[in-house]
Structure formats: C-alpha cells, structure tokens
Amino acid sequence: GHKINRPNRGKNVIGETKIKLCSISVKSDNGTSILDKVTLEARGGEIIGIAGVAGNGQKVLAETMSGHVTPAFGTIYINGKNLTGKYPEDFMRSGVAYIPEDRNLDGTIGDMSIWENVILSETKNTKIFQKNGILNRINSHNLAHAVCQNNDVRYQSIQQPARLLSGGNIQKLLIGRWLIRKPNVIIACQPSRGLDEGAISTVHKTLLSERKKSTAIILISEDLDELLLLSDKILVLYNGKLSETIENRNVNINQLGLKMAGEGF
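Below is a summary of the structure that appears in this document. Fair warning: this is a prediction, and the values are worked out from it, not measured in the lab.

Reading the values: the criteria
- Each chain has its residues counted from 1, following the order in which its sequence is written.
- Only residues with pLDDT of at least 70 get local features here, since the model is predicted, and only at 80 or more are side-chain atom pairs given and counted; chain-wide, interface and lining totals rely on the full set of residues.
- Water and hydrogen atoms play no part in the side-chain values, which are based on all heavy atoms of the structure.
- For this analysis, a salt bridge means a side-chain nitrogen from Lys or Arg found within 4 Å of a carboxyl oxygen belonging to Asp or Glu.
- Secondary structure elements follow DSSP: runs of H or I of four or more residues count as helices, runs of E of two or more count as strands, with numbering from the N terminus.
- Any helix carries an expected span of 1.5 Å times its number of residues minus one.
- Working definition: with a 1.4 Å probe on protein chains only, accessible area under 20% of the residue-type maximum means buried, over 50% means exposed, and in between means partly exposed.
- Here a residue-residue contact requires only that any non-hydrogen atoms of the pair lie within 4.5 Å.
- When DSSP finds at least two bridges between two strands, those strands are taken to pair.
- Seen with the strands pointing away from the viewer, any crossover whose path from the first strand over the helix to the second strand runs clockwise is right-handed.
- The way it works is a 1 Å grid over only the protein atoms, where trapped points that fit a 1.4 Å probe form a cavity and open points with protein on both sides within 12 Å along at least five of seven lines form a pocket, and then any residue with an atom within 4 Å of a point lines it.
- Grid points are joined across faces, edges and corners, and a volume is the space filled by probe spheres set on the points.
- Charged means Asp, Glu, Lys or Arg here, nonpolar means Ala, Val, Leu, Ile, Met, Phe, Trp, Tyr, Cys or Pro, and polar covers whatever is left, Gly included.

**So, the pattern of salt bridges**
Thinking step 1. Throughout the structure, instances matching the rule amount to 17 salt bridges.
Thinking step 2. Of the charged contacts, one joins Lys241 and Asp36 as a salt bridge, the two residues approaching to 3.7 Å between their closest N and O atoms. In this pair, Lys241 sits in strand β10 (residues 241-242) while Asp36 sits in strand β2 (residues 33-43), placing the two residues 205 residues apart along the sequence.
Thinking step 3. For Arg249, the salt bridge identified is with Glu247, shortest N-O distance 3.6 Å.

And the structure:
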C-alpha cells in the first residue's frame, strides 16, 4: 500500500583496488572452457555490473571470485594479496562476501532455524563458538535478533525454520549475515531475482549503502534495468569472455543487448 522509491546511485569517492582478476581461465571436467582469460578489477566505492544471458559463465565467475572454484590459469588478488588456489575460508577472512544466485540451495539451509543460519559463517567467531567448539547460544540468539532487526527481516521466531520465510526475507537474512562481517568485497549474484518490489528496493539500498562505505561490489545480473540503476561500470560476459569496460554514463541499452547476444566477441 505504500509507494516504492528506487534509490539514486549518485557520485561516490573511489578508493584502492579491492579485488583483481588477471587472465582467469576455468575449464570443466571434460576440458571445455567455461571462463576464458577473464580480467577484472573493482575498487572500493564502486559497483561493477556484469551483464549476460544465463549460462555464459556467471555462476562460475562468482564462485571463482569467492574461492569455491580454483582457476586452471590466472591470478586472483584480494586487497593486494594473492589468493589463487586458496580455500573459501581464506577469501572470507580477507573480507569477501558471496551472495549466491540460489539463496535456497547455496545460501541457506531451509530446515535449520533462523538463528542457526545466521551463525553458519561464524564458526571462527570466538563469541559464538568458544573453546572446544562449544556453542554460545545466548550470543548466537542475540546476533540473530540483531541481523533480523537491522535488515528488516520479518519473522515470527528465530527458532522457526528458515524455509518458512518469504523469498525477500531469506535474501535479507542472507545479506545481513554477510554484512555483520563488515566485508570489503561483495559478490552479489542475481540479488533481486524473484523478489517483490519492496524487497528489491531494500536490497538495492543496501548495496548502495555498502558502496558508500568504500566496499567494492561485483553485481552479476540478467536484469539490465538493475545494472543500469546501480552500476558505475558494466561489462558483458559472453561464452566465458568479458567485454571491455563500459562507463554507465555512456551505455546504449541496445548496444548492450547486442553484446549480450555475442556481437563484438
């Protein structure tokens, strides 16, 4: 019943390079190329949009940047540190947050409670898991309440299974879980897919708020309107290859669509 106001990106101060990919190549089990010499750089305070039709390597690109996939060739730098071949935990420690495209399959465990889902990424947090792996339930519940309140997650009880939440509330819970870690790199893959207008607006405002905190954000989306609204720069991923960088102020949506269909590759 209330009006939804889409956020305004506005200008921002650009900082140092937070994440850099140099000639990254990833191959499938049968040897075919999924990513082909992908080079990408994102600095603090900017949102880099990755456009493309589904199935052109977006998920593998996101998983490579978060340490879930090891590239066959190339180098990944996070805050100037070479993390090529390291584990996802190493990427998390370096400040990388990964919002997967499938929030139910890869982001949360539906049969676990809300508070249990909140602490999934906090296994090394001594306030949550004390010596010998003993769980501090009071701190865990307090953290879950804080995440839900700060990110407007609508719920009945933090004891309820996460699968009972709406898609928008699951996404806000997932994003909030990462924000408590104060990341300096956010990889957001299809962050507003399947959400209602109110949840979409909240997600967009959250990403722009993190941008103001000098966080580098990689936004992978098939929604051109979303990319044009949020991104400072846009690249097109086609058949595992990245186009040249396009400044958002110079984007022609028709040319962008043609690039997504393979023109220029």
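There's more to say after this.
**A closer look at helix α6 (residues 167-179)**
Thinking step 1. The end-to-end C-alpha separation of α6 is 18 Å, in line with the 18 Å expected for 13 residues at 1.5 Å each.
Thinking step 2. For α6, a buried count of twelve out of 13 residues is recorded, marking the element as mostly surrounded by other parts of the structure.
Thinking step 3. Residues of α6 that are buried include every one of Gly168, Asn169, Ile170, Gln171, Lys172, Leu173, Leu174, Ile175, Gly176, Arg177, Trp178 and Leu179, and no others.

**As for the environment of Leu229**
Thinking step 1. Relative to the helices and strands, Leu229 resides in helix α8 (residues 224-230).
Thinking step 2. Overall, Leu229 belongs to the partly exposed group, its relative accessible area being 23%.
Thinking step 3. A sequence separation of 222 residues divides Leu229 from Pro7, and the C-alpha atoms of the two residues are 8.2 Å apart.
Thinking step 4. If we skip the residues at most four places from it in the chain, Leu229 touches Arg6, Pro7, Arg9 and His204.

**Focus on the pairing of strand β8 (residues 216-220)**
Thinking step 1. Judged by how many residues are buried, β8 sits mostly within the fold: five of five residues are covered.
Thinking step 2. Residues of β8 alternate between two faces, with Ala216, Ile218 and Ile220 on one and Ile217 and Leu219 on the opposite face, all of them buried.
Thinking step 3. Summarising the sheet, strand β7 (residues 185-189) and β8 pair through five bridges and their orientation is parallel. Bridge pairing links Ile187 to Ile218 in β8.
Thinking step 4. Taking the sense of rotation as the criterion, the β-α-β connection linking β7, helix α7 (residues 197-212) and β8 turns out right-handed.

**Details of the layout of surface pockets**
Thinking step 1. Here the largest pocket is characterised by a volume of approximately 450 Å³.
Thinking step 2. Of all the secondary structure elements, the ones that give two or more residues to the lining of the largest pocket are α2 (88-93), β6 (96-99), α3 (103-107) and α6.
Thinking step 3. A total of five residues in the lining of the largest pocket trace back to one element, the largest contributor, which is α2.
Thinking step 4. Across the lining of the largest pocket, the residue classes tally to eleven nonpolar, seven polar and seven charged.
Thinking step 5. Looking at the second largest pocket, its volume works out to about 300 Å³.
Thinking step 6. Taken together, 18 residues form the lining of the second largest pocket, with Asn151, Leu179, Ile180, Glu210 and Lys213 sitting closest to its centre.
Thinking step 7. Mapped onto the lining of the second largest pocket, the elements with two or more residues apiece are α5 (137-150), α6 and α7.
Thinking step 8. When its residues are assigned to classes, the lining of the second largest pocket shows five nonpolar, nine polar and four charged.

Worth remembering: the numbers are spatial, not functional.
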